[in-house]
Amino acid sequence: MSYNYIDVQPISGALGAEIHGVNLAAITDDVFAEIHDAFLKYQVIFFRGQNITPQQQVAFSARFAPIGYYPFLQGLPECSEVIEVRKEPEDKLNFGGVWHTDTAYLTKPPMGSVLYAKEIPETGGDTMFANLYLAYETLSQALKTILDGRRGINSSRKGDAAAGRQKSVDVNPKDASDVQTEAMHPIVRTHPETGRKALYVNQGHTVCFEGTSPEESAPILNFLFGHQIRPEFTCRFQWAPGSIAVWDNRCALHYPLNDYHGQRRVMHRVTMQGTTPE
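Values in this document were obtained by computation on a predicted structure and should not be read as measured data.

Caption draft 1: Examining the pattern of salt bridges more closely. Applying the stated rule across the entire model yields 15 salt bridges. D102 is the partner of R269 in a salt bridge, and the nearest nitrogen-oxygen pair spans 3.6 Å. One end of the pair, R269, is in strand β15 (residues 265–272); the other, D102, is in the loop between β4 (83–87) and β5 (112–119), with 167 residues separating them in the sequence. The exposure class of R269 is buried, given its relative accessible area of 7%. Here D102 falls in the buried class, since its relative accessible area comes to 3%. Ionic pairing is found between R250 and E193, a salt bridge with its closest N-O pair at 2.8 Å.

And the structure:
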């Protein structure tokens, strides 16, 4: 569609676009309709120079889908739907510091997330994104035939992702004793809004194929993990205070780079509810 209210500038050939001319603290339904169209087309969209409260971040996020939750962390005291993602100068690991889709170990993983930059290091701290449509579409037909109809086991306990969140959990824990920590999802999922197929595995959470051991699954999964982050499938976003990213968890991976040791990075995140992958 052509855009009458927003200016959309793609940032790579694979995915991602910056949207200009919008104040997210106060948008109309017509403006949001164009934002949502760009979101589905580009899989991750970015805004610059925003100044919003946690409540306004939640209100914007809720336009996409009902607000979800992150199972292991408490939200902000003044707005429980927003969690703080923080790395202090002395920390070695960062939150979510591996290529992943969010909480794929839930029966209904989130539709997407809205991440708002509060404090950014002088250098580093970019986030990368990868197009899972392209990852699937560029596989050989023989491998597509093997993968279509198969399911993968996803776990919250897989090493790198679990280690990266541990400090945040220790500082601001949420009672997660009844949280589901393992789920089975299609290796190839169909996006419920676009109808396109996406390669739905990720290094952070996917452990093995249904009915196999991690050791048996490793050769194919390791190939897929590498294939889906080929440079031509990715984009990279450089944050500034007031920047916002909105990504589609159903068809895009993301990876926050951990290249700013000795500096602080503080982000506010809201998660939107998703559906069971099919």
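Caption draft 2: Main features of helix α6 (residues 214–227). For α6, built from 14 residues, the straight-helix expectation of 20 Å at 1.5 Å per residue is met to within 8% by its first-to-last C-alpha distance of 19 Å. Those residues of α6 that fall on the buried side of the exposure criterion are S217, L221, L224, F225 and H227. For α6, the elements touching its buried residues are α3 (132–137), α4 (141–147), β10 (197–199) and β11 (206–209).

Caption draft 3: Region of interest: the nonpolar core. Ranked by internal contacts, the top residues of the largest apolar core, which has 26 residues, are I35, F47, F60 and V246. For this core, the secondary structure elements donating two or more residues are β2 (17–20), α1 (29–42), β3 (44–47), β5 and β13 (244–248). Leaving out residues up to four positions away in the same chain, V246 has contacts with F39, Q43, V44, I45, F47, F60, F64, S113, V114 and M272. F95, L115, A245 and A252 belong to the second largest nonpolar core, which has 23 residues in total.

Caption draft 4: How the structure looks around helix α2 (residues 54–61). Listing the buried residues of α2 in full gives P54, Q57, V58, F60 and S61. Burial along α2 is one-sided: seen end-on, the buried residues are contained in an arc of 165 degrees. In this structure, the buried side of α2 is in contact with α1, β3, β5, β13 and β15.

Caption draft 5: Structural view of the packing of aromatic side chains. Counted under the stated rule, the structure contains twelve aromatic pairs. Centre to centre, the rings of Y70 and F72 are 6.0 Å apart; their planes meet at 65 degrees, and the pair counts as edge-to-face. The pair Y70 / F72 is uniform in exposure class, with both members buried. Taking 5.9 Å as the distance between ring centres and 50 degrees as the angle between the ring planes, the aromatic pair formed by F129 and W247 counts as tilted. Of this pair, F129 sits in strand β6 (residues 127–131) while W247 is found in strand β13, placing the two residues 118 residues apart along the sequence. Aromatic rings pair up to connect F32, F39, F47, F60 and F64 into one cluster. Across from the ring centre of Y260, 4.4 Å away, lies the NZ or CZ of K87, which sits over that ring. For the cation-ring pair, R189 lies above Y200, with the distance from its terminal atom to the ring centre recorded as 4.7 Å.

Caption draft 6: Broad picture of the side chain of S217. Structurally, S217 is set in helix α6. Discounting residues that sit within four places of it in the chain, S217 has contacts with C208, F209 and T212.

Caption draft 7: Inspection of the sheet that holds β2 at higher detail. With respect to topology, seven strands assemble into an open sheet ordered β1-β2-β3-β13-β5-β15-β4, the strand pairing being mixed. Looking along the sheet, the strands with just one partner apiece sit at the ends: β1 (7–10) and β4. Averaged over all neighbouring strand pairs, the angle between strand axes comes to 25 degrees, with direction disregarded. Taken strand by strand, α1 contacts β1, β2, β3 and β13, and its axis lies near 130 degrees from that of β3. Sitting on the sheet, α2 touches β3, β5, β13 and β15, and the angle it makes with β15 is about 40 degrees.

Caption draft 8: Fine view of the environment of R230. Considering the arrangement of structural elements, one finds R230 in the loop between α6 and β12 (234–237). Spatially, the C-alpha atoms of R230 and A135 are 8.4 Å apart, while their sequence positions differ by 95 residues.

Caption draft 9: A look at unusual backbone geometry. Positive phi, normally seen in glycine, also occurs at Q43, with a value near 75 degrees. In this fold, Q43 is placed in the loop between α1 and β3. What makes Q43 buried here is its relative accessible area of 1%. Phi is positive for T103, which is not a glycine, with a value near 40 degrees. With respect to the element layout, T103 can be found in the loop between β4 and β5. Looking at T103, the relative accessible area reads 4%, which means it is buried.

Cut-offs and rules
Residues numbered from 1 in each chain as written. Predicted model: local features only at pLDDT ≥ 70, side-chain atom pairs only at ≥ 80, totals over all residues. Heavy atoms only, no water. Salt bridge = Lys/Arg side-chain N within 4 Å of Asp/Glu carboxyl O. Helix = DSSP H or I, 4+ residues; strand = E, 2+ residues; numbered from the N terminus. Buried < 20%, exposed > 50% of the residue type's maximum accessible area, 1.4 Å probe, protein only. Expected span 1.5 Å × (residues − 1). Contact = heavy atoms within 4.5 Å. Core = buried A, V, L, I, M, F, W, Y, C linked by side-chain atoms within 4.5 Å. Arc of directions from axis to C-beta. Phe/Tyr/Trp six-rings, centres within 6.5 Å; stacked < 30°, edge-to-face > 60°. Lys NZ or Arg CZ within 6 Å of the ring centre and 35° of its normal. Pairing = 2+ DSSP bridges. Axes fitted to C-alpha atoms, helices over the stretch in contact; angles between N-to-C directions.

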